[in-house]
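Descriptive analysis of the structure
Next come the chains, spelled out residue by residue.
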Amino acid sequence: MYFLELVISGIAVGSLYALIAMGFVLIYKATGVLNFAQGEAIMVAAFICYYLVTRFGVPFWLAVPLTLIASALLGAVTERLVIRPLLGEPVFSVVMVTIGLSIFLRSMAGIIFGHHNYVFPSPFPVKPLQMAGIVLSHNHLWSMIISFSLMLIFFFFFKFARLGLGMRATANDQDTATLMGINIKSVYALTWGISFVVAGLAGVGLANVMVLNVGLAFVAISAFPAVILGGLESIPGAIIGGLTIGILENLAGGYLDQIVGGGVKDVTPFAVLFLVLMIKPYGLFGTKEVERV
Amino acid sequence: MRNKGRSARMTALVCMAFLFTTGLALASGRGVTDDSVKLGFVLVKTGPVAALGIPQGNAMIDYMNYINEKGGINGRKIKVLWEDDGFQAPKSVAAVKKLIARDKVLTVMTTGGTNQTIANMKNIKRYKMVNIPNAMALEFFDPLHPYIFALGALYEWQYQVIVDYINDDLKMKDKRIGVVYTKKEYGKKGLDAVKKRAAKYNIPVVAELVLPTGAVDASSQVLALQHAGANIVITCDVLPPIISFLKTAEKYNYWPQVFGFNWATDDLLVKACGPAAKNYIGSGFVGSWTDDTPGIKLVREIAKKYNRKPKLTSLYIGGIGVSMLFAEGIKRAGKDLTPDTLKNALETFRDFDTGGIFPLVTYTPESHAPAKKVKLFKADVEKKCLVPLTGWRSPKDL
C-alpha cells in the first residue's frame, strides 16, 4: 500500500512536471529554441490568476480562461518584440536572449507583484478523494486530466492539423517552410502563444499546491529532467518524462531518503538526466538527427 | 636593481600607510554631524527570499523615522540607507563597501544572514561596523567579535527548548519524532540539535526527511513520516515549505504535533494553512503581534502610522527591535558618537527592556551573546494568528 501511495502521489506531481515540460517542448518542436523563460511564464500566469481572484473578485473558473488569454498575449508579444528580431540568427543567440528574458520577467514580477509569499485561494475541496485507501487531491486530479487531455490534443494537432504540420515544418527547416508558403512569423507567434498558455495552466496548478512567490519560476528547473528524458521534441515524451520523474522522485524520497541520509529525492531527477544523456542523448522519444557529409 | 627593490618597498609602505590612515579616518568621524547620524543596513529586498527582508527593513526604517519625529537622538536626526544584497554574500560585501566608503555611514546595522555576515567579517573588524546580524550562529559571539552583537537564541537552543517541551509538557503516549529539514546550515543544525536532545530523553527519532525550500510537493515526506509512525514532527525549514508540508499532511489526514523554529513562526503560517495549522507550535524570540506588552503596542502603533500591513509580522517586530537597540546605543553613546563609543554603549546593556519585543537584553564587554530565551507559540486557527503558549523559556541544563 505504501508503495502504491508513493506511486500515485508521484503521478500527481509528475502531471504538473509534464505540463511544464510540454511548454518547453512546444517551443522547441516548432522553433528549435529552448526557452529558458518558461518558468517565468508559469510564475507570471500564476500571479495574474491570483490577482484576478483575490483583488478583482473574479470567480476562479472565469479567472482561469482570462489568465490563459493573458498568457497567450504575453507569449505572442514576447515573440514579436524579443524573438522575431532574431529570426535567422544562430539558435545560441536566441537561447541567450531567453535567459535575459527570464531575468527581466522575474525582476518585473518582483516590482509589480512584490516579493511576498501568497497563498492561492484554491477552489478545490480540501477533503481529498479516497479510493481503496489511496489519497488524491482534487488539484492533482485536475492536473492529471489536463495533462492527458493536452497530450491528446497536441498529438492530433501536430499529426493532422494544417497549422501543426506547418509548425513542425518550420522547426525542421525555416527556408523550405517559407518556400512551401508557410508564414513562419505567424507560426512563431502562435507557438509562443500556445506554449505560454500551457505554462499558464501549469502556473495555476502549481499555485494551488505551493506557496506563490517570485521563486515559483525556479520550479521549471525541476521539470527540465522530464524534458530531457522524454525527448526535447516529443509531446508524449514530455508527459511520460514528467510522470516518470514524479514517480522516481517519490519512490526515492519514500525509500532511499531514510537510508542514505536525505536529499536523494532531489538528486534523482538529475541522476536520471545524466543517465539518459549518456545512453540515449535524444531522450526516450526524441528524434535522432543524422547528418551526412 | 637595488634601487628598484628599494622603491618597491617604499611604494608598499606608502600604500600600507594610506590604507591604515584611511581605515582609521573612515572609522572615526564617519557618518556623524552635529545634527545628523547616517546609518546603513544590508538586507535582501529582491529575489526569491525578498519576503524575509522587506518587513524587517521597513520596520528598521520606520522606527528611526518615528524617533526622528520625536526629535531625534541627542539632537541628531537619524538617516537610514538600505542596500539590497539579493541574499548573496558577494553582493552583501559590495553593499557594505558602498555604505562605508561612498555613503560614509556610522555603521552598517546588519549585513544580512549567516553567510553574508561571515563574508563580511574582515570588513566588520576593519571598519569597526557595530552590527547585529540577521541570523543566529554561534560563531558570531563565540569567540567574541568586538563589533558583532548577537540577535536571538541560537537555532540549537530553540530546538532544545522544543524537545524539552515535548518531554515535559506534551501529553502524548509513545512519543516518536520525525524531522523534516532542509540541507542548509540552519536545517542541519536543527536536525543535529533535535537528535542530541531527543537521545537525552530517550525519545526515538524515527525519520529524517529533507524538504527543500522550493519543493513542489511534500507527499513523499508525509507518507514516509506516516509509514514510520511519527506522531511528532519537528521541522527545520523556513515558512513556504512548511506551509506546503502542513497542507499536504492535511490532505493525507495526517495530524501529528508539528513544531518549527523562528523562521517558520509567523501569523502568515496560520493564515495560509487555515485548519491545516491546528497542531502547529513554533518557537520565536520576538513577541507576538497580538501581545499587550508596551513594546508590541508600539510596534502596532508604528505600523499603523506608516501604513504598513506586514505579512510576516514576526519579522516586522524584529526589525523594530533591532532599531530600538541601536537607538538606545546611540543615545547612551552621547555627543561623542563613533563606532567605538557606540560599541561601548551597547556593552552597557543590562537587562535592557524592549517592552516585550525581545527578552531582556544584556551585552557586556566580555560577551555579546544573545539571551538564551524563546517563547513557544501555538496556532489559533479561528483568530488566524499565533498566540503565546509559554513565557520566555531557556533550554534546561541536562
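Residues numbered from 1 in each chain as written. Chains lettered and ligands numbered in written order. Predicted model: local features only at pLDDT ≥ 70, side-chain atom pairs only at ≥ 80, totals over all residues.

1. Let's talk about helix α2 (residues 38-54) of chain A
Look at α2(A): 24 Å from first C-alpha to last across 17 residues, which is about the 24 Å you get at 1.5 Å a residue. In terms of burial, α2(A) is a largely internal element, 14 of the 17 residues being buried. (Helix = DSSP H or I, 4+ residues; strand = E, 2+ residues; numbered from the N terminus. Expected span 1.5 Å × (residues − 1). Buried ≥ 20, exposed ≤ 12 C-beta atoms within 10 Å, placed from the backbone.)

2. Quick look at the domain arrangement of chain B
Residues and elements named next belong to chain B. Domain boundaries in chain B define domain 1 (34-152 + 292-346) and domain 2 (155-284 + 375-388). Spacing between the C-alpha centres of domain 1 and domain 2 amounts to 30 Å. Of the residues lining the interface, 7 residues belong to domain 1; the matching set on domain 2 comes to 8 residues. Looking at side-chain class alone, the side of domain 1 that touches domain 2 contains 2 nonpolar, 4 polar and 1 charged residues. (Domains from an automatic or database assignment. Contact = placed C-beta atoms within 7 Å. Nonpolar A, V, L, I, M, F, W, Y, C, P; charged D, E, K, R; others polar.)

3. Some words on the packing of α2(A) against helix α9 (residues 219-230) of chain A
Residue and element names in this part refer to chain A. Interaxial distance between α2 and α9 falls to 8 Å at its minimum, and their mutual angle equals 130 degrees. Here α2 is positioned oblique relative to α9, judged by the angle of their axes. For the element pair α2 and α9, the recorded crossing hand is right-handed. Taking contact as the criterion, the partners of Gln38, Gly39 and Ile42 in α2 are, on α9, Val219, Ala220 and Ile221. Residues of the contact of α2 with α9, tallied by class, amount to 4 nonpolar, 2 polar and no charged. (Axes fitted to C-alpha atoms, helices over the stretch in contact; angles between N-to-C directions. Parallel < 35°, antiparallel > 145°, perpendicular 65-115°, else oblique. Left-handed = near helix turned anticlockwise from the far one by under 90°.)

4. Some remarks on the pairing of strand β5 (residues 205-210) of chain B
It is a general feature of regular strands that their side chains alternate between the two faces of the sheet. All names here are of chain B. With 5 of 6 residues buried, β5 is to be regarded as a mostly interior element. Relative to β5, strand β4 (residues 177-181) is paired through 5 bridges, and the arrangement is parallel. Paired with Tyr181 across the bridge in β5 is Val210. In this fold, β4 hands off to helix α7 (residues 185-200), which returns the chain to β5; that crossover is right-handed. (Pairing = 2+ DSSP bridges. Right-handed = clockwise from strand over helix to strand, strands pointing away.)

5. Section: the sheet that holds strand β1 (residues 36-42) of chain B
Residue and element names in this part refer to chain B. Pairing is parallel in the open sheet, where 3 strands are placed in the order β2-β1-β3. The sheet is open, and its two borders are formed by β2 (77-83) and β3 (107-108), each paired with just one other strand. By the bridge criterion, 2 bridges tie β1 to β3 in an arrangement that is parallel. Looking at β3, one finds that Leu39 is bridged to Thr107.

6. Quick notes on unusual backbone geometry
All names here are of chain B. Between Asp142 and the following residue, Pro143, the backbone shows a cis peptide bond with an omega angle of 5 degrees. Looking at the secondary structure, you find Pro143 in the loop between α5 (121-126) and α6 (155-168). One non-glycine residue, Asn253, adopts positive backbone phi at about 55 degrees. Locating Asn253 in the fold gives a position in the loop between α9 (239-251) and β7 (257-260).

7. Quick notes on the interface of chain B and chain A
At the interface, 30 residues of chain B touch 34 residues of chain A. Looking at side-chain class alone, the side of chain B that touches chain A contains 17 nonpolar, 7 polar and 6 charged residues.

8. Quick notes on the confidence of the model for chain B
Residue and element names in this part refer to chain B. Averaged over every residue, the pLDDT of chain B is 90; the share at 70 or more is 92%. Here helix α1 (residues 2-28) stands out as the element of chain B with the lowest mean pLDDT, 53, in contrast to β7, whose mean of 98 is the highest. For residues 19-27, every residue scores under 50 in pLDDT, and the model assigns this stretch 6 contacts once sequence neighbours within four places are set aside. For this predicted complex, the interface confidence reaches an ipTM of 0.77, while the overall pTM sits at 0.81. (pLDDT = per-residue confidence, 0-100.)

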